[in-house]
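# Summary of structural features
Listed below are the residues making up each chain.
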Amino acid sequence: MTIGRAPEDLDAVFLTHEHSDHIGGVGPLIRKHGIPLYATEGTVQAGEKLGNIPGLNTIRAGETIRVDGLEIEPYATAHDARESVAYVVRCQNRKLGHATDMGIVTHEVREKLKDSHVLLVESNHDVEMLDVGPYPWPVKQRIKGALGHLSNEACGDLLAAVSHEHLERVLLMHLSQTNNHPEIARVTALQALGSRTPHLDLARQDQPTELTEV
Ligand SMILES: [Zn+2]
Ligand SMILES: [Zn+2]
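What this report covers is the structure whose coordinates are included nearby.

Conventions we followed
Every chain is numbered independently, its residues counted from 1 as its sequence is written. Written order decides the labels, with chains lettered from A and ligands numbered from 1. Given that the model is predicted, a residue must reach a pLDDT of at least 70 before its local features are reported, and side-chain atom pairs must reach 80 or more before they are shown or counted; all residues, however, enter totals for whole chains, interfaces and linings. Every helix listed is a DSSP run of H or I at least four residues long, and every strand listed is a run of E at least two residues long, numbered separately from the N terminus. With C-beta atoms placed from the backbone, a residue is labelled by how many other C-beta atoms lie within 10 Å of its own: buried for 20 or more, exposed for 12 or fewer, partly exposed between the two. Here, residue contact means that the backbone-derived C-beta atoms of the two residues sit within 7 Å. A fitted line through C-alpha atoms represents every axis, and for helices the fit uses only the stretch in contact; the resulting angles, taken between N-to-C directions, go from 0 to 180 degrees. These descriptions rest on fixed angle ranges, namely under 35 degrees for roughly parallel, over 145 for roughly antiparallel, 65 to 115 for roughly perpendicular, and the rest for oblique. Throughout, a crossing is termed right-handed when the near helix is turned clockwise from the far one, and left-handed when it is turned anticlockwise from it by less than a right angle. Three categories are distinguished: nonpolar for Ala, Val, Leu, Ile, Met, Phe, Trp, Tyr, Cys and Pro, charged for Asp, Glu, Lys and Arg, and polar for the others, with Gly belonging to the last.

### Focus: the overall build of the protein chain
Each helix and strand counted, the protein chain has eight helices and ten strands in total. Each of the three principal axes of the protein chain carries a C-alpha extent, and together these read 45 × 45 × 35 Å. Scored against the burial criterion, the 214 residues of the protein chain give a buried share of 35%. For the protein chain, the share of sequence-separated contacts (at least 6 apart) that also reach a separation of at least 24 residues comes to 61%.

### Overview of the environment of Gly55
Mapped onto the elements of the fold, Gly55 is located in the loop between α3 (41–46) and β3 (56–59). Sequence spacing of Gly55 and Ile104 is 49 residues, and the spatial spacing of their C-alpha atoms is 32 Å. If we ignore the near neighbours within four places in the chain, the residues touching Gly55 are Ile30, Gly34, Ile35, Pro36 and Leu37.

### As for the packing of helix α7 (residues 152–162) against helix α8 (residues 182–193)
The contact between α7 and α8 brings their axes to 8 Å, and the two run at 25°. The orientation of α7 relative to α8 falls into the category roughly parallel. The two elements α7 and α8 cross, and the hand of that crossing is right-handed. On α8, the residues touching Asn152, Glu153, Cys155, Gly156, Asp157, Leu159 and Ala160 of α7 are Ile184, Ala185, Thr188, Ala189, Gln191, Ala192 and Leu193. Grouping the constituent residues of the contact of α7 with α8 by class yields eight nonpolar, four polar and two charged.

By themselves, these are just geometric observations and shouldn't be taken as functional.
Set out below in structure tokens:
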């Protein structure tokens with residue numbers, strides 16, 4: 001395994017929503033290794049591709065679940081999926097905040113993510129690259145819309161709003177290969193975080209992300 005972990009070491013898999021870039025391969029993985037799956041009812045219903053799920057745990061936004069000493073709180077996101085969520089994870093006094101696959105950052109998102117030591121935040125597209133890029137007009141509208149994805153600027157605004165002195169690490173996620181450039185995303189995030197810049201990394205589509213200790 002490229003990240004030094006075997007699939008059978010996984011204690012749980014949490015889904016955010018049913019879009020194919022998020023559930024592809026999940027069904028065979030959890031069935032082969034007997035891994036419990038956590039997902040909202042809407043995600044399971046709309047995610048036909050998941051197939052039969054033996055170890056399904058239905059979750060709901062606002063209801064915290066405990067798995068192996070972790071407190072995992074799903075919260076609702078603005079995305080064009082049936083019942084999408086993002087997650088906040090706590091362990092003792094450590095906190096990880098996650099925000100991907102959402103068209104807008106609401107007050108609730110900022111509230112959920114504040115005081116995190118580690119942040120995983122979507123930096124999907126550069127608005128200009130999306131505008132002049134090859135996607136058909138309706139798809140561009142979808143991505144930019146309130147149920148679409150966060151631009152580099154929106155990501156930067158969110159980071160600026162929730163940054164604090166104990167924020168140690170930021171991982172930019174869900175970057176578009178067509179409508180974004182890693183350096184634009186990086187620079188926008190660095191500018192938003194200002195002088196108190198924590199360790200910043202980018203998740204790539206073509207390679208696994210290094211494991212992060214929280
Ligand atoms: Zn999606
Ligand atoms: Zn997605």
